[in-house]
Amino acid sequence: MGKGKKIAVVGVGNILLGDEGLGVRAVERLKEKPLPASIQVFDAGTSIHQLLPAFEGFDKMVIIDAVKAGQEPGAIYRFTLEELESDKGKDIGFMLSLHELDVPRAIALERLVSKLPEEIVFIGMEPEKISEGMELSGTVSKKMDQLLSAIEKEFG
Amino acid sequence: MAQKIVIDPITRIEGHLGIEVLVDGGKVKEAKCSGTLFRGFEIFLKSRDPRDAQFITQRVCGVCPIAHAMASTLNLDSAFGVSDKIPDNGRVIRNLILGSNHLQSHILHFYHLAALDYVDVTAVADYNGNDPTLNSVKDFISRGALEPFVPRYEGDYRFDKKTNQELVRHYVMALEMRKLAHEMLAIWGGKMPCVASICPGGTTEHPTIDKITGFLWRLNKIREFIDTIYIPDVIAVAKVYSDHFQLGAGSGNFLAYGCFDLETQNPDYTKRKRYLVQGTVENFTLKSLDASKIAESIKHSWFEGPDAIHPSKEDTVPNRKKTGAYSWLKSPRYEGKVYEVGPLSRMIVSYLAGVEPVKKIVDATLSELKADVKVLNSLLGRHAARALEAKLIADAMANWVLELKPGEPVCAHYQVPDESEGMGLTEAARGAVGHWIKIKDKKIERYQLVVPTTWNASPRDEKGQPGPMEQALQNSTVKDVNNPFELVRVVRSFDPCLACAIHIVNFKGRKVSEIRIG
């Protein structure tokens, strides 16, 4: 498994807003499992841009996040950073606050000074309910095992 | 005829700062700032173990987790009755954690958020020299990856090509500095971004010679950057864009809770000796801070309940249908007046209080700019205050870290009381942050947070007074309503943190079935 390929699995999101935190909840579950030493699991909360330098030296990053792509709640997605960037194209908007330094933009900036992994994959799930509260919605909870399997497929 | 401008980049990030401005003949007639995301985190802190507050509240904001960790810990210190028992090691380590965070935040804000309004990155496309940094940016741009560098609104660029290229080099150096500041914080904070080492009573991290030297060499690199690059760059911008001293004046009232405790004998945070001091300023006259004079109006906010009461007495009852309301932010006021918070407030309060290093550097900067202290109440004043504060904090930390005593205690013992009340006051990079707690049967009965952007981006209050950012927009002019870059610059100068907490990746306009796997 993995043949020593160093992989960082990074959960992002806000656990105070229900399904918004599904990425963090997924890595919490992953931490309970026996994993090879080449795989490290991170909880980045809502501050992944502050944590990026820590991913120098990894061969691959797997980012777990809530993703709104219009499918039914619980739908699982996989896409690469390149796919995400090409989709966004020129419709990038602008930044008023540091919060808007979103993940692809933060990675692009960090690459000017840090050797981040070439391979960056997002595994996401369509949220059902994003509102204040520390519990996941029923639909997302039920799909957690499937989300974990999707993440583990990236290790092979 | 008056024209309405709406700046609401809500398509990319949910829960945002929406700004609506009415412009007539190039002058802003009316401005409304609206927080579009309900953030009633206080509601589910209720009935939890008080010690959870530290871990939960730092998740509230992706930009200021450290400041919330500090404010909640000070809050718990006071509720648990140990705020005057923190050992010096614990006090100093907390200061180093908060200070590293402020450095990181200030540098990132100027270079990676604000500077691109003044620096034309495309100048690097014509670069022909040997500087590896500039060549990597050139390569980056030539691959069409302009994305991180281009603001949506066109700016007016006034530097020549060579200066622009040099400033782009600084932009990349600033990323390195941010990385160092992050490592400095991790030395004492352990796990980032959600630090576990700040705890009631002090810290869990012990000082060692290795940690002290590891901190100091990184700090010294950042100090050199601040002295030779950051401050000169801000002054260069201030000279070339000196008309921006006339843009974005706020209410003219400044409030600071102060931060960086220099002692812990005094349990009262409003009186305790702090490096950057507590106080309020009206008409450039300093008064002492009295936390009982803070009240939050909800007249124009989507909340129910008694209006204009102290945060320690407030409940959080949302009502999205309330008439006359236009924001999820409440309107914190001091003595019923509109106060701005942030680095500018801290610098003006400490300057008028006569804090020696603050007075010295502010006077030197004003004399170089041939300006009076009153011009600081402006868009450029906010950027200048941030840069000067970065130097003041970095220089002070170089002394504080040497006060650490390996082998001595870092934390005082505490017990969770059956009933108690507490207050935690400190400063996030972007301004005053306060937490209030009421404990009953060892559980949280009530918890309130008043965060910096709530002060600055607040809507009108019960007297109809616009918030500081609304006033700053109303004190601005717009040359071209189709390209209102002046307004965006005014908002940015406050370093707002409103989009706190939501950052979903929107992946739209593509056939998701092709990539769907579950």
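Remember, predicted model here, so these are calculated numbers, not experimental data. (Residues numbered from 1 in each chain as written. Chains lettered and ligands numbered in written order. Predicted model: local features only at pLDDT ≥ 70, side-chain atom pairs only at ≥ 80, totals over all residues. Heavy atoms only, no water.)

Peer 1: I'd like to hear about the overall build of chain A, residue by residue, with values.
Peer 2: When helices and strands are tallied, chain A shows six helices and five strands. Along chain A, helices (α) and strands (β) appear in the sequence β-α-β-α-β-β-α-α-β-α-α when read from the amino end. Out of the 156 residues belonging to chain A, those deemed buried represent 65%. Working note: accessible area of chain A is about 5,500 Å², and carbon and sulfur atoms make up 49% of it. (Helix = DSSP H or I, 4+ residues; strand = E, 2+ residues; numbered from the N terminus. Buried < 20%, exposed > 50% of the residue type's maximum accessible area, 1.4 Å probe, protein only. Areas by Shrake-Rupley, 256 points an atom, 1.4 Å probe, with all protein chains shown as cover.)

Peer 1: Which residues make up the packing of helix 5 (residues 132–142) of chain B against helix 6 (residues 161–189) of chain B, and what values go with them?
Peer 2: In a pair of packed helices, the angle between the axes and the distance between the axes together describe the arrangement. Residue and element names in this part refer to chain B. With their axes 9 Å apart at the nearest point, helix 5 and helix 6 run at an angle of 95° to one another. With respect to each other, helix 5 and helix 6 are oriented roughly perpendicular. Facing Thr133, Leu134 and Val137 of helix 5, the residues of helix 6 in contact are Gln165, Val168, Arg169 and Val172. Among the residues making up the contact of helix 5 with helix 6, the classes are represented as four nonpolar, two polar and one charged. (Axes fitted to C-alpha atoms, helices over the stretch in contact; angles between N-to-C directions. Parallel < 35°, antiparallel > 145°, perpendicular 65-115°, else oblique. Contact = heavy atoms within 4.5 Å. Nonpolar A, V, L, I, M, F, W, Y, C, P; charged D, E, K, R; others polar.)

Peer 1: Quick one: what's the story with the packing of helix 10 (residues 379–400) of chain B against helix 13 (residues 485–493) of chain B, residue by residue and with numbers?
Peer 2: Residue and element names in this part refer to chain B. Put simply, helix 10 and helix 13 touch, their axes get as near as 9 Å, and they point 35° apart. Of the two elements, helix 10 crosses helix 13, and the hand of that crossing is left-handed. Contacts between helix 10 and helix 13 involve Leu379, Arg382, His383 and Arg386 from the first element and Arg489, Val490 and Ser493 from the second. A breakdown of the residues in the contact of helix 10 with helix 13 according to their chemical character gives two nonpolar, two polar and three charged. (Left-handed = near helix turned anticlockwise from the far one by under 90°.)

Peer 1: Quick one: what's the story with the pairing of strand 4 (residues 76–80) of chain A, residue by residue and with numbers?
Peer 2: Residues and elements named next belong to chain A. The element strand 4 is extensively covered by neighbouring structure, given that four of its five residues are classed as buried. By the bridge criterion, five bridges tie strand 4 to strand 5 (residues 119–125) in an arrangement that is antiparallel. Bridge pairing in strand 5 places Ile76 opposite Met125. (Pairing = 2+ DSSP bridges.)

Peer 1: Can you break down the side chain of Asp43 of chain A residue by residue, with the values?
Peer 2: In this structure, Asp43 of chain A sits in strand 2 (residues 39–45). A polar contact is formed between the side chain of Asp43 of chain A and the backbone nitrogen of Gly45 of chain A, at a distance of 2.9 Å. Among the polar contacts listed, one links the side chain of Asp43 of chain A to the side chain of Arg59 of chain B, at a separation of 2.5 Å. (Polar contact = N/O pair within 3.5 Å; in protein donor to acceptor, adjacent residues only side chain to side chain.)

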